[in-house]
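# Residue-level structure breakdown
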Amino acid sequence: MSAIPFVDLGAMHAELRDELDEVWARAVDTSGFIGGAAVADFESAWAAACGRRHAIGVANGTDALELVLRAAGVGPGDEVIVPTNTFVATAEAVAAVGATPCFVDVDPDTLLVTADHVAAAVNERTAAVMAVHLYGQMVDMGPLVDLAERHGLLVVEDAAQAHLAERDGRVAGSSGLAAGFSFYPGKNLGAFGDGGAVVTDDDELAATIRSIADHGRVASTKYLHDHAGRNSRLDALQAAVLGCKLTKLAEWNERRRQAARWYAEALAELAVEPISRNAGTDVHHLYVVRTAPRDALLDHLSAAGIGAGIHYPVPCHQQPAFATGVGPGLPVAEAAAGEILSLPMHPAMTEERVARVADAIADFFAHHHGR
Ligand SMILES: *Cc1c(COP(=O)(O)O)cnc(C)c1O
């Protein structure tokens, strides 16, 4: 039987083959590689998709988050609240501006941060909170934004896994001061390499980020720089690829939702518990389930040619790079890290592929587990 890949970028790109070939042809014909219409067009399209006034293309998702914090003036002496169950980049962005990540635990059902977790961690040094929309689910932003307003905190959304996810009628990236997106190839909207974007309604923040990401250049000058910036631009080629793939994103997300419904049905009787339950509005970047014999099940699936992964095996507060070695521990995230398993999830998941994954899991519990 053929293998079932964890992601299948080839199948997605095959659907847009002619359009993507045209992107490369145009790049070769015009030699326009930095800035220009391709970047501006994608930025407007992405700002519109997120319901924001501005989108600024940057080099990757980590830079997007860092540039928001930097432009907002977060730096040394400040604390930024970060859910410990996230990709390490969320914490790296905080460290990169010289601020200190303050890790908090997550909700046991969604494995997302909530306003209550943030409320328990706020102190006089807290400057901002990173609302991480993990696995394609969205944080409950209403109570979090209210809490942040009461305490004067900035809310930065890490929407790297949540392109066009919705909750309570709001799209990911539209609730906080600003949001960072990643267009890493495996994300729901992925480039042909690294890429990222910031979205915001704040004109001044947008202008500052645009300038920092482009060598501190004064807008519409060539060699006038009013501060020391850096180079973190989105390539024109990547912007053109992203503009092309954006035309399919809503459909691809809907196909992920369909796959999630098939999974929920096929796994209902098995000793694995799906994390995400907002089947209509999550965008299922990952399809994560929990099960006690996680490591043995992962080995079983790998042996059966089924791509699976762990997101993430070590919570940030236990990473060598960030562990302080003190504190009471974050028990929900620590327990989850030993039980979570990400099953194959992408727009080319068919009902038959989902059934084969479920059959392999059923086979594990019937014949292998506990023997
Ligand atoms: C992918 C990801 C990032 C970082 O994006 P890069 O483009 O890889 O720098 C940040 N946060 C989360 C939650 C991610 O999944």
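For the structure, check the block above.
First, a word on scope: everything that follows refers to the structure included in this document. (Residues numbered from 1 in each chain as written. Predicted model: local features only at pLDDT ≥ 70, side-chain atom pairs only at ≥ 80, totals over all residues. Heavy atoms only, no water.)

On to the overall build of the protein chain. The secondary structure content of the protein chain amounts to twelve helices and twelve strands. Computed over its C-alpha atoms, the radius of gyration of the protein chain comes to 21 Å, within 12% of the 21 Å expected for a compact globule of 371 residues. Along the first, second and third principal axes, the C-alpha atoms of the protein chain reach 70 × 55 × 35 Å. A separation threshold of at least 6 residues defines the contact pool for the protein chain, and within that pool the share at least 24 residues apart is 70%. When the accessible surface of the protein chain is split by element, carbon and sulfur atoms take 53% of a total near 15,400 Å². (Helix = DSSP H or I, 4+ residues; strand = E, 2+ residues; numbered from the N terminus. Rg over C-alpha atoms; globule rule 2.2 N^0.38 Å. Contact = heavy atoms within 4.5 Å. Areas by Shrake-Rupley, 256 points an atom, 1.4 Å probe, with all protein chains shown as cover.)

Next up on the list: the packing of helix H4 (residues 61–71) against helix H5 (residues 89–96). At a minimum axis distance of 8 Å, the contact between H4 and H5 shows a crossing angle of 40 degrees. Relative to H5, the element H4 is oriented oblique. Considering only the axes of H4 and H5, their crossing is right-handed. Here H4 contributes Thr 62, Leu 65, Glu 66, Leu 69 and Arg 70 to the contact with H5, which in turn contributes Ala 89, Thr 90, Glu 92, Ala 93, Val 94 and Ala 96. When its residues are assigned to classes, the contact of H4 with H5 shows six nonpolar, two polar and three charged. (Axes fitted to C-alpha atoms, helices over the stretch in contact; angles between N-to-C directions. Parallel < 35°, antiparallel > 145°, perpendicular 65-115°, else oblique. Left-handed = near helix turned anticlockwise from the far one by under 90°. Nonpolar A, V, L, I, M, F, W, Y, C, P; charged D, E, K, R; others polar.)

All residues in the neighbourhood of the ligand are listed as Asn 60, Gly 61, Thr 62, Thr 86, Phe 87, Ala 89, Thr 90, Asp 158, Ala 160, Gln 161, Ser 182 and Lys 187. One of the backbone N or O atoms of Gly 61 is found 2.8 Å from an oxygen atom in the ligand. Look at the ligand: alone it shows 380 Å² of surface, and the protein chains cover 92% of it. When contributions to the shell around the ligand are tallied by element, the ones reaching two or more residues are H4 and H5. Of the residues belonging to the shell around the ligand, the class tally is three nonpolar, seven polar and two charged. (Near = heavy atom within 4 Å. Polar contact = N/O pair within 3.5 Å; in protein donor to acceptor, adjacent residues only side chain to side chain.)

What follows is about the sheet that holds strand S4 (residues 126–132). Pairing is mixed in the open sheet, where seven strands are placed in the order S1-S9-S8-S5-S4-S2-S3. A strand with exactly one partner marks an edge of an open sheet, and here the two such strands are strand S1 (54–58) and strand S3 (100–104). Mean inter-strand twist for the sheet, computed between neighbouring axes without regard to direction, equals 25 degrees. In the sheet, strand S2 (residues 79–83) pairs with S4 via three bridges, with the strands oriented parallel. Pairing of Glu 79 across the sheet is with Thr 126, part of S4. (Pairing = 2+ DSSP bridges.)

Let's shift gears to helix H10 (residues 294–303). The complete set of buried residues in H10 reads Arg 294, Leu 297, Leu 298, His 300 and Leu 301. The buried residues of H10 occupy an angular sector of 160 degrees when projected down its axis, which confines them to one face. Exposed residues on H10 whose side chains face more than 90 degrees from its buried face are Asp 299 and Ala 303. Each element contacted by the buried residues of H10 is listed here: helix H11 (331–337), strand S12 (340–343) and helix H12 (351–368). Two residues or fewer past H10, Gly 305 is found with a positive phi of approximately 80 degrees. (Buried < 20%, exposed > 50% of the residue type's maximum accessible area, 1.4 Å probe, protein only. Arc of directions from axis to C-beta.)

Going through the model one piece at a time under the given rule, you end up with nine aromatic pairs. Ring centres of Phe 42 and Phe 183 lie 5.4 Å apart, and the angle between their planes is 80 degrees; this geometry places the pair in the edge-to-face category. Highlighted residues: Phe 42 in helix H3 (residues 37–49) and Phe 183 in the loop between strand S8 (178–182) and strand S9 (196–200), separated in sequence by 141 residues. You can call Phe 183 buried: its relative accessible area is 0%. With a centroid separation of 5.0 Å and 85 degrees between ring planes, the pair formed by Trp 46 and Phe 181 is classed as edge-to-face. You can see Trp 46 sitting in helix H3 and its partner Phe 181 sitting in strand S8, a full 135 residues away along the chain. Taken together, the ring pairs in this structure connect Phe 42, Trp 46, Phe 181 and Phe 183 into an aromatic cluster. (Phe/Tyr/Trp six-rings, centres within 6.5 Å; stacked < 30°, edge-to-face > 60°.)

This brings us to the sheet that holds strand S11 (residues 287–290). Read from one edge of the open sheet, three strands run S10-S11-S12, paired in antiparallel fashion. Because the sheet does not close on itself, it has two edges, and the strands there are strand S10 (273–274) and S12. Bridge count between S10 and S11: two bridges; the pairing is antiparallel. Bridge assignment links Pro 274 to a residue of S11, and that residue is Val 289.

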